[in-house]
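So the chains spell out like this:
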Amino acid sequence: MLTIRPFPQNFALKNLAQITSRACALKVNPNSEVVDEKMREWFMSFKVYKDSQGIDFMDRGRFDIFAALSFPDADPDHLQTCLAFFFWAFATDDLSDEGEFQAKPDHVKAGVDICREIVYNHGSPVPDYPYAAMLQDLFSRIRATATTGTCERQVKLRFLRAFEAFSNSEIDQSLNRSIGRMPSVSEFILARRATIGAALVEAMVEYSLDLNIPDHVFQDPIFMAMSDATTDMMTWPNDLCSLNKEQADGDLQNLVCCIMMERGVELQEGIDILTEMLDARVTEYLDLKAKLPSFGPVVDSELAKYHAALENFVQGTVVWYYMSPRKFGSIMICI
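Throughout this document, residue positions are counted from 1 along each chain, in the order its sequence is written. With the structure being a predicted model, the display of local features is reserved for residues of pLDDT at least 70 and the display and counting of side-chain atom pairs for 80 or more, all residues being used for whole-chain, interface and lining totals. To obtain the side-chain values, all non-hydrogen atoms of the structure were included, while hydrogens and water were left out.

Aromatic pairs are defined between Phe, Tyr and Trp rings, using the six-membered ring for Trp, whenever the two ring centres lie within 6.5 Å; interplanar angles under 30 degrees are classed as stacked, those over 60 as edge-to-face, and all others as tilted. Inspection of every chain in the model, using the stated rule, returns 28 aromatic pairs. Ring geometry for Phe139 and Phe159: centres 5.5 Å apart, planes at 35°, overall tilted. Of this pair, Phe139 sits in helix H7 (residues 130-145) while Phe159 sits in helix H8 (residues 148-179), and the two are 20 residues apart along the sequence. Accessibility expressed as a relative area gives 3% for Phe139, which makes it buried. Ring geometry for Phe218 versus Phe223: centroids 4.8 Å apart, planes at 65°, classification edge-to-face. Both residues of the pair, Phe218 and Phe223, count as buried. For the purposes of this entry, the term helix denotes a DSSP run of H or I that reaches at least four residues, the term strand denotes a run of E that reaches at least two, and both are numbered from the N terminus. Burial classification: accessible surface area is computed with a 1.4 Å probe over protein chains only, and a residue below 20% of its type maximum counts as buried, one above 50% as exposed, and the rest as partly exposed.

With their axes 9 Å apart at the nearest point, helix H12 (residues 255-263) and helix H13 (residues 267-291) run at an angle of 115° to one another. Comparing their axes, H13 and H12 come out roughly perpendicular. Crossing handedness for the pair H12 and H13: right-handed. In contact with Leu255, Val256, Ile259, Met260 and Arg263 of H12, H13 contributes Leu267, Gly270, Ile271, Ile273, Leu274 and Met277. Residue polarity follows a fixed list, in which Ala, Val, Leu, Ile, Met, Phe, Trp, Tyr, Cys and Pro are nonpolar, Asp, Glu, Lys and Arg are charged, and the others, Gly among them, are polar. The residue inventory of the contact of H12 with H13, partitioned by class, reads 9 nonpolar, 1 polar and 1 charged. For every element, the axis is a line fit to its C-alpha atoms; helices are fit only across the contacting stretch, and the angle between N-to-C directions ranges from 0 to 180 degrees. The scheme is simple: roughly parallel for angles under 35 degrees, roughly antiparallel for over 145, roughly perpendicular for 65 to 115, oblique for anything else. By definition, turning the near helix anticlockwise from the far helix through less than a right angle yields a left-handed crossing, and turning it clockwise yields a right-handed one. We call two residues in contact when some of their heavy atoms are within 4.5 Å.

Now for the environment of Arg60. In this structure, Arg60 sits in helix H3 (residues 51-61). The partly exposed category is assigned to Arg60, whose relative accessible area is 22%. C-alpha separation for the pair Arg60 and Arg326, spaced 266 residues apart in sequence, amounts to 5.9 Å.

A word on H3. Residues of H3 that are buried include every one of Gly54, Phe57, Met58 and Gly61, and no others. End-on view of H3: buried residues confined to an arc of 90°, all on one side of the axis. Directly after H3, the chain includes Arg62, whose backbone phi takes a positive value near 50°. The reported arc concerns the directions from the helix axis to the C-beta atoms and nothing else.

Attention now goes to the environment of Val119. Along the chain, Val119 falls in helix H6 (residues 105-120). Here Val119 falls in the buried class, since its relative accessible area comes to 5%. Each C-alpha atom of the pair Val119 and Leu135 lies 7.7 Å from the other, and the pair is 16 residues apart in sequence.

Another aspect to go through is unusual backbone geometry. Not every positive phi belongs to a glycine, and Lys47 is a case in point at roughly 55°. Classification of Lys47 by relative accessible area gives exposed; the value is 63%. Of note in this structure, Asp210 is not a glycine but carries a positive phi near 50°. Within the element layout of this structure, Asp210 appears in the loop between helix H10 (198-208) and helix H11 (221-248).

A word on the pattern of salt bridges. Any carboxyl oxygen of Asp or Glu within 4 Å of a side-chain nitrogen of Lys or Arg constitutes a salt bridge here. Overall, the coordinates contain 19 salt bridges when judged by the stated rule. Here Arg40 ties to Asp36 by a salt bridge, and the two come within 3.1 Å at their closest N and O atoms. Here Asp36 and Arg40 lie together in helix H2 (residues 32-44), a separation of 4 residues that amounts to about one turn. A relative accessible area of 22% places Arg40 in the partly exposed class. In this structure, the salt-bridge partner of Glu164 is Arg116, at a minimum N-O distance of 3.0 Å.

Let's shift gears to the nonpolar core. In terms of nonpolar packing, the biggest core is built from 104 residues, with Trp88 and Phe159 touching the most fellow members. Discounting residues that sit within four places of it in the chain, Trp88 has contacts with Tyr131, Met134, Leu135, Leu138, Phe163, Phe166 and Leu200. Definition of nonpolar core: a set of buried residues of the types Ala, Val, Leu, Ile, Met, Phe, Trp, Tyr and Cys, connected through side-chain atoms within 4.5 Å.

Quick look at the state of the cysteines now. Two cysteine sulfur atoms form a disulfide, by the criterion used here, when they sit within 2.5 Å. Here the structure, examined in full by the defined rule, presents 0 disulfides. For Cys258, which is in no disulfide, the shortest distance to another cysteine sulfur is to Cys257 and amounts to 7.1 Å.

Another aspect to go through is the side chain of Asn312. Along the chain, Asn312 turns up in helix H14 (residues 297-323). With relative accessibility at 5%, the residue Asn312 sits in the buried group. Sequence-distant contacts of Asn312, that is, excluding residues within four places in its chain, are made with Ala25, Lys27, Leu69, Ser70, Pro72 and Asp73.

Let us look at the packing of H11 against H14. Two numbers describe how H11 lies on H14: the axes approach to 8 Å, and their chain directions differ by 10°. Viewed along their axes, H11 and H14 adopt a mutual orientation that is roughly parallel. Facing H11, whose interface residues are Phe223, Met226, Thr230, Met233, Met234, Pro237, Asn238 and Cys241, H14 presents Leu303, Tyr306, His307, Leu310, Phe313, Val314, Thr317, Val318, Tyr321 and Tyr322. Tallied by class, the residues present in the contact of H11 with H14 amount to 14 nonpolar, 4 polar and no charged.

What follows is the structure, given as structure tokens:
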């Protein structure tokens, strides 16, 4: 049974977007409104929810704004696929985060197995399971709209590896909820990089601009450390912004709760500790970026675009946290 100090009636949260803005710029894609209208029809066609629930899911999520802020330079065709990715990822994540599979790891695994079947067996019939059907169509869109080299050799493989990491982490998190287990801070940080779908995000960022980055670059230690840093920079604000909603739902699988339990501190101190960690992480990212080696002029040009796009994604994500009713309900947040 998880035991942490009682939560007070209120807490203070700093402007997290201001902290991440030291490293990440904010841009907006002008094509989001047209793309959103088309992709809403796409999502509703899978009948994941009943009509009113599906509309509420999209309205509450404000995924059109999220896509516009996080993929600002994607053309309309790529932006459609990126928005489809958000619809699939959040609907799937909600199953284990707050839905009927929240504390049922066996059910989560059964759904994952159906999804595995369609991503590894191209040409499989459309499954009845709507989450798998969405994923199948999403993967087909990536193949159809990405450049041949990017799709077949890189994004496709990275997306598959990322899908495995994300899916396995959803099962593990559901298991932790079912047995009331609170991981250590260091363990939770590693797990959150998977549950937030960071590797999936990176594959979609690469896809969104049709970049061509060789596989060996992704194995460079500095590049990998930068990847971990940008992941933490969008994950830790997520836990800070979603804390109130999650604790109200009885869900303590949150980094703030891990800090409170491990260090024996009150809620506000736990929030302040994580906020300070975020500020330090931004500084670490900037230091790492300055140390990134050269891979030759052609690759360096692609990497500059990639990291600029990933920084846009981070900042767009943090700003979206404040704009989406998923985090703060009907409260209007000014940042």
